[in-house]
Amino acid sequence: MDWASIFIYDTSWAFAAEILLRVTVMFILIITSLRFTGKRGVRQLSIFELTIILSLGSIAGDPMFTEDLPLVQAVLIMSTVIFLYRLCTWGMMQYQPFEELLEGRSLYIVEDGMLVCNKIKQGKMSHDEFFAEMRQQGVEHLGQVRTGLLETDGKFSLLLYPSDEVSYGLPLFPKQYQAVTQIEADKYYACMYCGYVDVISNPDQVCPRCEDDYRNWAKALNSKIVR
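It should be emphasised that the depicted structure is a prediction, and the values quoted were computed from it without experimental measurement.

Digging into the environment of Phe130
Moving on, step 1. Following the sequence through the fold, Phe130 ends up in helix H7 (residues 127-136).
Moving on, step 2. For Phe130, a relative accessible area of 1% translates into the label buried.
Moving on, step 3. Counting along the chain gives 20 residues from Phe130 to Leu150, while the straight-line C-alpha distance between them is 9.4 Å.

Here it is, written out as C-alpha cells:
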C-alpha cells in the first residue's frame, strides 16, 4: 500500500499554501454572507433558511481545495445567492401567500387538551416527537395544555391552562403512558392516540373521537402544573 499516494498524492508545497489561502478567503466569505442575511444566530432553521445554508456550504466547499476553480467564481455565486435570499425575504414581507409557500404554516397539534387527529394522520409530528417537546417544557399530561403550535422553524409553542382549570389528560411520561388491562370504576382514562378522556367500562372500548377505532387507554392524570 502506497501511504504517500493516499495522504499526499501530487500535493505540492505551493498548492498546500494556496489551500490555506483559499480556506481563509472562503471562511471570511461565509461569515460575511451569513451576516448579510441578517441572522444573528442559528437555532432551528426553516426549510427556506436551511436551503440557503446548504447552498452556501456547497458553494464554499469546492473552491477551498479545487485548483482550477478561481475564487472570483465563488464570490459571484455567493453574491447571487445572498441577493436571491434578500429578494425572497422582501417578497415574504410583502406577500403572505409567498411566505407560506417558502416557509409553510404554523400547525395546531394540540387543542383543548387533545391532539389534533388529522395532523397526526398526515404525519406532521409523531407521538414521540410531541411527547419529548412537552416533557422538555415541564408538561406532565395533556390536560395542562390549552394549545400546542408547531412553528415553521420546528419549535413547539405552548399555551397552558391556569392551575385551577387543569383537567384530566393523557400522560406524557413513559411510566404513566401505558395501556391498562383492567378498568377501575368511576376513573378517567385517556385514549393513547388522540388524548380523548372519558369514563370507560372496559379496556377494549372504542375511542369515539378517533376515526380508526383506536382501543388503547391509559389512566388519565389531573395533576397541576409545577413551575
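Continuing now.
As for H7
Moving on, step 1. All of the buried residues in H7 are His127, Phe130, Phe131, Glu133 and Met134. In an axial view of H7, the angular spread of the buried residues amounts to 160°, which keeps them on one side of the axis. Residues of H7 that are exposed and point more than 90 degrees away from the buried face comprise Asp128 and Gln136.
Moving on, step 2. Positive backbone phi, at 80°, marks Gly138, one or two positions downstream of H7.

Examining the pattern of salt bridges
Close approach of charged atoms allows side chains of opposite charge to pair.
Moving on, step 1. This model, assessed by the stated rule, comprises one salt bridge.
Moving on, step 2. Note that Lys219 is salt-bridged to Glu184, the shortest N-O span being 3.4 Å. One end of the pair, Lys219, is in strand S7 (residues 217-219); the other, Glu184, is in the loop between strand S4 (156-160) and strand S5 (188-191), with 35 residues separating them in the sequence.
Moving on, step 3. By relative accessible area, which is 40% here, Glu184 ends up partly exposed.

As for the nonpolar core
Moving on, step 1. Ranked by size, the top nonpolar core spans 19 residues in total, and within it Ile109, Val110, Phe130, Met134 and Phe156 carry the most contacts.
Moving on, step 2. Breaking this core down by element, the ones donating at least two residues are strand S1 (107-111), H7, strand S3 (145-150) and S4.
Moving on, step 3. By size, the runner-up hydrophobic cluster in this structure holds eleven residues, among which are Ile52, Ile59, Met78 and Val81.

The rules behind the values
Residues numbered from 1 in each chain as written. Predicted model: local features only at pLDDT ≥ 70, side-chain atom pairs only at ≥ 80, totals over all residues. Heavy atoms only, no water. Helix = DSSP H or I, 4+ residues; strand = E, 2+ residues; numbered from the N terminus. Buried < 20%, exposed > 50% of the residue type's maximum accessible area, 1.4 Å probe, protein only. Arc of directions from axis to C-beta. Salt bridge = Lys/Arg side-chain N within 4 Å of Asp/Glu carboxyl O. Core = buried A, V, L, I, M, F, W, Y, C linked by side-chain atoms within 4.5 Å.

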